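Take a look at the letters that make up each chain.
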Amino acid sequence: ELSMSGGALRTFSRCVTCLARIGSDLVFQAYPDKLELHTLNSSRSAFASVSLTRDFFDHFHLPADAYADAAPSSTPLQCSVLLKSVLAVLRTPTSAIDRLNASLPNPQASKLEFVIHCVSGRKKTHRISCSAESDVQTLALDRNGFPSRLAIRPRDLTRLLSNFQSSLQELTVIATEPAARLPGVDDGTGGKAVELLSYIDPTKDDYDSRLHTQLWIDPAEEFLEYEHAGDPVDVTFGVKELKAFLTFCEGCEVDILLFYQKAGEPVLLAPRFGFDDGSSSNFDVTLVLATMLVSQLNDGSVPQQPPTSAHHAEEPRAAAAAPSPVPENVSNHTRIWSELSGLTPKSFEANAENRAQKERNGRANVLNDTSVLPNTNAPCKLPVTYNANYIEQPVQMDHLEEPPEVVVDNPRSQHHPSNWVGADEDDDDEEDEELFVQTTPHYMD
């Protein structure tokens, strides 16, 4: 028997919502000093656990005869229900609930009972059928056994994930040892030691048409904690469960801890309670995610850091595909790169020549010459920066020869004098107060 209200009820509701986004079955395990909730997803690649101490509840009672033939510390009182049924119980807004009671009459009971006492004085009773057997088992991992870890605020992780497509299913995290500071520079960043990559199965038919995104992250700029030493490691895991845990931590206003080791080993996520280790908290949540067995560090399909000059653009592709433990370009800002595989031009010069040729043919109806026309027959790829409205080349114009200016004699061009207001009036360059009127929109055939 247990009872909860106020902030504890809101936290319990967030826990159930988080678990429902991961699995379909919910297992209650009652111990004399705590209550645990477990779930496992259908592919058995994600396991989530919530631990609520006795102090979390207004009332918590476990009869001594509930254990029958087993010791209380070894075998808990257990029952399994459908998560969607518990969500239906919590459909009533927590602001309208004065108190929530839950009880299991006996270990062999077929129904778990929830009683909601509303602020208005009404009482709602829900009885949920218990499953005969549960496929969810207890999983315990020692956090101190992971050699690497990082801590991040939920809003910062949300911002980083917003650079990826919402349909992305798996994410790769590459961790390297922070680079030494540059001589004479005391920026305190240590370089971009972490990379986030969108993982797309290379065996899929639409692999070349999918958007590939990679982020280089400065730990000192984005993370609250970062610990990694030795060789670079990578882990690839599911994004759906990560976002569910992210939403939970954001609602509870706690930071996120991620523990990892290497490819093929599980990663563990847990809330970070400020500067406390969580020992004083009355609840705890852990999410264990399976990772891919194959490392992405030696995979040639993993994109490398984009070039910043024409010299780098002409380097062999094999050299660009070689993994680098520490990024060469060190700065104080997180770099973002997205690549449309198979749709990028061979080079900036080739792209400019292609655009100039199209303008000579009189087919260019653009206001300026900053747009990029992809060359689908290009044998190699260059990274491009993705934006919701356009795609542009992330190269420095200072290092490249500007394309020749081409004048198009097109009577319907946007630059025709008839498209300007006051075109018949005499221009007076000496008048500073002259009104500037923008051009008309694109002319469409």
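An unreviewed UniProt entry lists the chain under the name Cell cycle checkpoint control protein RAD9A, with Aegilops tauschii subsp. strangulata as the source organism.

Draft legend 1. Representation of the overall build of the chain in the model. Scanning the chain from terminus to terminus reveals 8 helices and 21 strands. Considering the chain as a whole, with its 445 residues, one finds that 41% of them fall into the buried category. In the chain, the share of contacts with a sequence separation of at least 24, taken over all contacts with a separation of at least 6, comes to 69%. Of the roughly 25,200 Å² of accessible surface on the chain, 48% is carried by carbon and sulfur atoms.

Draft legend 2. Geometry of the pattern of salt bridges. Inspection of the entire model under this criterion finds 10 salt bridges. Its salt-bridge partner being Lys 34, residue Glu 36 comes within 2.8 Å of it at the nearest N-O pair. Among the salt bridges present, the one from Glu 225 reaches Arg 149, with a minimum N-O distance of 3.2 Å. With Glu 225 in strand S14 (residues 225-227) and Arg 149 in strand S10 (residues 148-152), this pair connects stretches of sequence that are 76 residues apart. Exposure remark for Arg 149: the relative accessible area of 23% places this residue in the partly exposed category.

Draft legend 3. Fine view of the sheet that holds S14. Pairing is antiparallel across the open sheet formed by 9 strands, whose spatial order is S6-S2-S3-S4-S18-S17-S16-S10-S14. Across the chains shown, the open sheet's two edge strands, defined by having one partner strand only, are strand S6 (77-82) and S14. Going from strand to strand, the sheet's axes swing by 20° on average, the running direction of each strand aside. The pairing of strand S16 (residues 255-260) with strand S17 (residues 267-272) spans 5 bridges and is antiparallel. In the sheet register, Leu 257 faces S17, and the bridge partner there is Ala 270. Sitting on the sheet, helix H3 (residues 154-161) touches S10 and S16, and the angle it makes with S10 is about 95°. Across the sheet, helix H5 (residues 239-252) is in contact with strand S4 (46-53), S16, S17 and strand S18 (283-289); its angle to S18 comes to roughly 165°.

Draft legend 4. Molecular detail of the sheet that holds strand S8 (residues 111-118). With antiparallel pairing, the 5 strands of this open sheet are ordered in space as S5-S1-S7-S8-S9. Of all the strands in the sheet, just strand S5 (59-60) and strand S9 (123-129) have a single pairing partner and so form its edges. Pairing between strand S1 (residues 2-4) and S5: 2 bridges, direction antiparallel. Looking at S5, one finds that Leu 2 is bridged to Phe 60.

Draft legend 5. Representation of the side chain of Thr 39 in the model. Mapped onto the secondary structure, Thr 39 falls in strand S3 (residues 34-40). Overall, Thr 39 belongs to the buried group, its relative accessible area being 0%. Engagement of the side chain of Thr 39 in a polar contact is seen with the backbone oxygen of Asp 25, the distance being 2.8 Å.

Draft legend 6. Layout of H3. If you check which residues of H3 are buried, you get Pro 154, Asp 156, Leu 157, Leu 160 and Leu 161. Buried residues along H3 cover an arc of 160° about the axis, so they all sit on one side.

Draft legend 7. Up close: the packing of helix H1 (residues 6-20) against H5. Axis separation between H1 and H5 bottoms out at 9 Å; the angle between their running directions is 170°. For the element pair H1 / H5, the angle class is roughly antiparallel. Residues Thr 11, Arg 14, Cys 15 and Cys 18 of H1 form the contact with H5, whose own contacting residues are Ala 244, Phe 245, Phe 248, Gly 251 and Cys 252. A breakdown of the residues in the contact of H1 with H5 according to their chemical character gives 6 nonpolar, 2 polar and 1 charged.

Draft legend 8. Main features of the packing of H3 against H5. Viewed as axis vectors pointing N to C, H3 and H5 meet at an angle of 145°, and their least axial separation amounts to 9 Å. Both H3 and H5 take part in a crossing whose hand is left-handed. Facing H3, whose interface residues are Pro 154, Leu 157, Thr 158 and Leu 161, H5 presents Leu 242, Lys 243, Leu 246, Cys 249 and Glu 250. When the residues that make up the contact of H3 with H5 are grouped by side-chain class, the tally is 6 nonpolar, 1 polar and 2 charged.

Draft legend 9. Seen up close, the side chain of Gln 214. Mapped onto the elements, Gln 214 comes out in strand S13 (residues 211-217). Using a relative accessible area of 1% as the deciding quantity, one classes Gln 214 as buried. Of the polar contacts made by the side chain of Gln 214, one reaches the side chain of Glu 195; its length is 2.6 Å.

Draft legend 10. Spatial organisation of the confidence of the model for the chain. On average, residues of the chain score 74 in pLDDT, and 60% of them are at 70 or above. Taken together, the stretch residues 180-190 has pLDDT below 50 and engages in 10 contacts with residues farther than four places along the chain or on a different chain. A low-confidence stretch, residues 427-434 stays under pLDDT 50, and its non-local contacts, those more than four residues away or across chains, total 1 contact.

Draft legend 11. Quick look at the pairing of S13. Counted residue by residue, S13 has 7 buried out of 7 residues, so it is predominantly covered. Here S13 shows a buried face lined by Leu 211, Thr 213, Leu 215 and Ile 217 and a second buried face lined by His 212, Gln 214 and Trp 216. Pairing analysis gives 4 bridges linking strand S12 (residues 194-199) to S13, with the strands arranged antiparallel. The partner of Val 194 across the bridge, within S13, is Ile 217.

Draft legend 12. Expanded view of the packing of aromatic side chains. Tallied over the entire structure, the rule returns 7 aromatic pairs. With 5.5 Å between their ring centres and 20° between their planes, Phe 57 and Phe 60 make a pair best called stacked. Residue class for Phe 57 comes out buried when judged on its relative accessible area of 6%. For the ring pair Phe 223 and Tyr 226, a centre distance of 6.1 Å and an interplane angle of 35° mean the geometry is tilted. As far as burial versus exposure is concerned, Phe 223 and Tyr 226 are alike and both buried. Through a chain of ring-to-ring contacts, the aromatic side chains of Phe 245, Phe 248, Phe 273 and Phe 283 assemble into a single cluster.

The rules we used
- Residues numbered from 1 in each chain as written.
- Predicted model: local features only at pLDDT ≥ 70, side-chain atom pairs only at ≥ 80, totals over all residues.
- Heavy atoms only, no water.
- Helix = DSSP H or I, 4+ residues; strand = E, 2+ residues; numbered from the N terminus.
- Buried < 20%, exposed > 50% of the residue type's maximum accessible area, 1.4 Å probe, protein only.
- Contact = heavy atoms within 4.5 Å.
- Areas by Shrake-Rupley, 256 points an atom, 1.4 Å probe, with all protein chains shown as cover.
- Salt bridge = Lys/Arg side-chain N within 4 Å of Asp/Glu carboxyl O.
- Pairing = 2+ DSSP bridges.
- Axes fitted to C-alpha atoms, helices over the stretch in contact; angles between N-to-C directions.
- Polar contact = N/O pair within 3.5 Å; in protein donor to acceptor, adjacent residues only side chain to side chain.
- Arc of directions from axis to C-beta.
- Parallel < 35°, antiparallel > 145°, perpendicular 65-115°, else oblique.
- Nonpolar A, V, L, I, M, F, W, Y, C, P; charged D, E, K, R; others polar.
- Left-handed = near helix turned anticlockwise from the far one by under 90°.
- pLDDT = per-residue confidence, 0-100.
- Phe/Tyr/Trp six-rings, centres within 6.5 Å; stacked < 30°, edge-to-face > 60°.

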